[in-house]
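These are the residues of each chain, in order.
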Amino acid sequence: MNQIHLGYLLAIITTLAWGLVVIPVKKARSPGYLGVAISMPAGILALLPVLLLLKPADWMLSGINWQTGLLIVLAGLCQFPLATLFYYEAIRRAEISTVTPLKCVKSIMVIGLVILLGIEAITGRMIAAALIGVMGAIILTWSKRGENTGPGGVERYKGIVCALVACLFWSLGDILMRQAVREVNALLATPLALLAGAVVFYVWLAVRRQGRAVLAMPRHDKLCYATHGVVSFAVGYCAFFTAMQYIGVTRAVIITSAWPIISFIVGLWLYREHLSVQKVLGLLLLVASVYLVMAK
C-alpha cells in the first residue's frame, strides 16, 4: 500500500471514529467542560502504546525547534479543550442530526484559511463548494417563526452557535498541526498536542476550583467521556494527523467531513430524532459541497 492509499484509509478510519463517538457524548449528562477533563487524559493513556511504533530518531524532542513546538501547543489548545468543549455543549443542547452536519462547515473554513495563507490556489469550484456548504448549513438550521420560542428553541440556537465556534477552533487547529507534522512524526505530535491542551485546561480548572466537580461526576458520565477520549482523540486524531502527512490537510479534512452523515443516521435511528425534508435538503447540500471539492 502506497502512502496516498494509506492516507485515504487513515482518513476513512477517522471518519468512522468521529461519526460513532457522538453516542457516548449524547448519553452523558454532566457539563462538557467537566467531560473534557476526563476525555483528554483517557486519550493520552490510549496513545501510549502507539508511541512504541516510533523509530528511535522520532523520540528526539531536542530536534523540535521552538516554532514547531509552539505550533503543536497551539494546535492542541484549539483541537482538544476549546473545540471539544464547544462541541460537547452543542451535542447536549441540540439534536445530533442538527448539530453534527454543521461539522461540514469546518471543511469550508479550512479551505478558506489554506487559500488565505497561500497554501493552495483558489478555484471557481472551491468558491461554489463554499457557497453551497454555507447554504446547506443555513437550510439545515433554519426554523419557522415560533418554532424556536421557549426554552427548547433557545437551547437549540445555543447548540448551533457552539457547533460553529467548535468548527472555527477545529479549523485553526488543523492548519497549525498541518505545519507541525511537516517537521514531527504525527504519532509523536498527537500525544504532545493532547498533553499540552490537558495541562493548560487543568490549570484553568484549578484556578476556577472545579477539581472536585470533576471527581464528583457520575461514573456513567466519566465512562462516556473517557470513551470519547479513546475513540476520538487517540484513534481519530492520531489517524487524522497521520493522514495529513500523506495526503495533505485539505484532502484529509474533506474526506473526514463526511462523518456527520454517520452521526446523522445514528441520531435518527438510535434517538428517534425527527426527520424532515429541510434536514435532508441541508445535508444533501453539505455533501454536494464536499463532492465539488473532491471531484477532479
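What counts, and at which threshold
- Residues numbered from 1 in each chain as written.
- Predicted model: local features only at pLDDT ≥ 70, side-chain atom pairs only at ≥ 80, totals over all residues.
- Heavy atoms only, no water.
- Salt bridge = Lys/Arg side-chain N within 4 Å of Asp/Glu carboxyl O.
- Helix = DSSP H or I, 4+ residues; strand = E, 2+ residues; numbered from the N terminus.
- Core = buried A, V, L, I, M, F, W, Y, C linked by side-chain atoms within 4.5 Å.
- Buried < 20%, exposed > 50% of the residue type's maximum accessible area, 1.4 Å probe, protein only.
- Contact = heavy atoms within 4.5 Å.
- 1 Å grid on protein atoms, 1.4 Å probe; cavity = no way out; pocket = protein on both sides within 12 Å on 5 of 7 lines; lining within 4 Å.
- Points joined across faces, edges and corners; volume = space filled by probe spheres on them.
- Nonpolar A, V, L, I, M, F, W, Y, C, P; charged D, E, K, R; others polar.
- pLDDT = per-residue confidence, 0-100.

Colleague: Explain the pattern of salt bridges to me, please; I cannot follow it from the model alone.
Modeller: When the charged atoms of two side chains lie near each other, side chains of opposite charge can form a pair. What the rule picks out here adds up to one salt bridge. For Asp-174, the salt bridge is made with Lys-106, and the minimal N-O distance between the two is 2.7 Å. With a gap of 68 residues between them, Asp-174 in helix α8 (residues 150–180) and Lys-106 in helix α6 (residues 105–116) connect regions that are remote in the sequence.

Colleague: Would you mind going over the nonpolar core with me for this structure?
Modeller: Generally speaking, soluble globular proteins have nonpolar side chains that are buried together. Formed by 69 residues in total, the largest nonpolar core has its most connected members in Met-40, Phe-80, Tyr-87, Met-177, Tyr-237, Phe-240 and Phe-241. Mapped by element, the contributors of at least two residues to this core are α1 (3–20), α2 (22–27), α3 (32–47), α4 (66–93), α6, α8, α9 (186–207) and α11 (219–256). Per element, the largest residue contribution to this core is 16 residues, and it comes from α11. Not counting residues within four places of it along the chain, the set of residues in contact with Met-177 comprises Ala-75, Ala-189, Ala-193, Phe-241 and Met-244.

Colleague: Got a minute to help me understand unusual backbone geometry in this structure?
Modeller: The phi dihedral of Arg-209 falls on the positive side, at around 55°, and the residue is not glycine. Structurally, the position occupied by Arg-209 is in the loop between α9 and α10 (211–215). Look at Arg-209 and you get exposed, because its relative accessible area is 75%.

Colleague: I'm lost on empty space enclosed by the protein in this one. Help?
Modeller: By rolling a water-sized probe across the atoms, one finds the places where empty space is left. Summed over the entire model, instances satisfying the criterion amount to one cavity of 30 Å³ or more. By volume, the largest cavity is sized at about 100 Å³. Lining the largest cavity are Trp-18, Val-21, Thr-84, Tyr-87, Lys-103, Trp-170, His-228, Ser-232, Phe-233, Tyr-237 and Trp-259. Here the residues of the lining of the largest cavity sort into seven nonpolar, three polar and one charged.

Colleague: Even after reading the chapter, I still don't get the confidence of the model for the chain, so can you show me in this structure?
Modeller: In low-pLDDT segments, the atomic positions of the prediction should not be examined closely. Of all residues in the chain, 85% attain a pLDDT of 70 or more, and the chain-wide mean is 82. When the elements of the chain are averaged for pLDDT, helix α5 (residues 96–99) gives the smallest value, 68, and α9 the largest, 92. The low-confidence segment residues 145–151 (pLDDT under 50) makes five contacts with residues lying over four places distant or belonging to another chain.

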